Structure formats: structure tokens, C-alpha cells
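# Structure at a glance
Each chain, letter by letter, is given below.
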Amino acid sequence: ETGVTQSPTHLIKTRGQQVTLRCSSQSGHNTVSWYQQALGQGPQFIFQYYREEENGRGNFPPRFSGLQFPNYSSELNVNALELDDSALYLCASSLQGYGYTFGSGTRLTVV
Amino acid sequence: RKEVEQDPGPFNVPEGATVAFNCTYSNSASQSFFWYRQDCRKEPKLLMSVYSSGNEDGRFTAQLNRASQYISLLIRDSKLSDSATYLCVVTMDTGRRALTFGSGTRLQVQP
């Protein structure tokens, strides 16, 4: 059974640029959620995808968007990067919200 | 007011000590409750679910008080390997079941 894998592990971007983060869900899981974790804070829910549709969103602006593919993998896209977007981005897969498994995250630094 | 509030710590305790963490949540409709553990620069991992009847897993005991909207975690006989950040997590049993995290309590067990 493979776990959740995220890529890349680290990334440095310039303010105003766009970034795409990728996540492969755990085998048997059909739901992918994305979280942003700033330094010293708990993870904050960005959005969730089920059957290739967004079915829940946290308090994040529209420049945060995502996709889920037929194989349940997912992408998180962030446009017009801001310095405050620097954080650890965590992907979690689950079976419709049960049995969350987190990936090891992508650490994004915006300079 | 944050949806899930925790004392950030750090809690510095000697090996063998008993330590208790507390957490309060603001949404009375919250239905599921968890403690997650997060090691430095790693992803969160489920430590245990929390039930109204209380539950125990080895040295770890979790309690839920729905009337007070209060969750606790007790760690007995602390080990060096228990050093981590402990995250209190709640979710609502809607179709989405997104996880709402507290900011975490840092524990440092010292020899």
C-alpha cells in the first residue's frame, strides 16, 4: 500500500509568480484535501476534492485553486504569490473524509 | 476567536513525568475529535481519536467533555520520543469532514 506522496519537497518562488504543487493519494482513497501550515501554526484547510469536484473550501482567496484527476491525484495552484504564502503545504487523502493520511508536504518559500 | 484553542507551550518535562494538554473548541456542532502528533518539519500523524466515554491507548488517555466543549490528552511516563507538537483536531460530520486544527502544544521531554 503506497502512502501519500507530494512533489516537490521544497520550492522557492518570487512574489507574483505562480506555483503548482502535486499530490498522489494513498491507494484506495478517493478524496484529497489541501492544508496550509504557517510556521508555529496548525494546518489550515484550503479545499477538498472528491470525484474531481471541489466539495469544500476554507477561507482562502480564489488565487488558490486545484484539480483532482481520475486517478485521484491532485494539484494545488497558487497564482500571484505573496510573501505570506510561504508555508508548508500538506496534502491529505482519505476515503470520503475518513482515515486521513498526510503527505510529507511541500515547503514553499516566497521571496 | 479561533475555532480550536490550545495552550502553545512549550511544556518541558522530565522523563517519566505525567503531562496533560487541554483544548477547547467553539463550534458546538463539532462531531469528531482527534489528537494528532507532529514531529519537527514532518507531517501530522493521527495519535488517537477521542470519544465521550474517554479512551486509552497505552500511556495515552484522551477525554472529551461535550458540555464544556473541552478535550484533553494525558501522557503518562513520558519518554524522550514523546517530544513533539500535539495538535487538537475537530471535524463536523458533514459530507466534507474537513479537519480543523488547533495551533498545537509543543512538548519537550528532557533526560
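What comes next concerns the included structure. Predicted model, so just to flag it, every value in this text is computed and none were measured.

## Quick look at the environment of aspartate 85 of chain A
Mapped onto the elements, aspartate 85 of chain A comes out in the loop between strand 8 (74–78) and strand 9 (87–95). Residues contacting aspartate 85 of chain A, with those up to four places away along its chain left out, are Gln36, Arg63, Phe64, Val78, Ala80, Leu108 and Val110 of chain A.

## A look at the pattern of salt bridges
Counting across every chain of the model gives eight salt bridges over all chains. For the salt bridge of arginine 22 of chain A with glutamate 75 of chain A, the shortest nitrogen-to-oxygen distance reads 3.5 Å. With arginine 22 of chain A in strand 3 (residues 19–24) and glutamate 75 of chain A in strand 8, this residue pair connects regions lying 53 residues apart in the sequence. A salt bridge links arginine 76 of chain B to glutamate 56 of chain B; its shortest N-O distance comes to 3.6 Å. Of this pair, arginine 76 of chain B sits in the loop between strand 8 (70–75) and strand 9 (84–91) while glutamate 56 of chain B is found in strand 6 (residues 55–57), placing the two residues 20 residues apart along the sequence.

## Section: the packing of aromatic side chains
In total, this model carries twelve aromatic pairs over all chains according to the counting rule given. Between the aromatic rings of phenylalanine 34 of chain B and tyrosine 36 of chain B, the centroid separation amounts to 6.4 Å while the plane-to-plane angle is 75 degrees, which identifies the pairing as edge-to-face. Each member of the pair, phenylalanine 34 of chain B as well as tyrosine 36 of chain B, carries the same accessibility label: buried. Counting every residue linked through ring pairs, the aromatic cluster contains Tyr35, Phe45 and Phe102 of chain A together with Phe34, Tyr36 and Phe101 of chain B.

Parameters and conventions
- Residues numbered from 1 in each chain as written.
- Chains lettered and ligands numbered in written order.
- Predicted model: local features only at pLDDT ≥ 70, side-chain atom pairs only at ≥ 80, totals over all residues.
- Heavy atoms only, no water.
- Helix = DSSP H or I, 4+ residues; strand = E, 2+ residues; numbered from the N terminus.
- Contact = heavy atoms within 4.5 Å.
- Salt bridge = Lys/Arg side-chain N within 4 Å of Asp/Glu carboxyl O.
- Phe/Tyr/Trp six-rings, centres within 6.5 Å; stacked < 30°, edge-to-face > 60°.
- Buried < 20%, exposed > 50% of the residue type's maximum accessible area, 1.4 Å probe, protein only.

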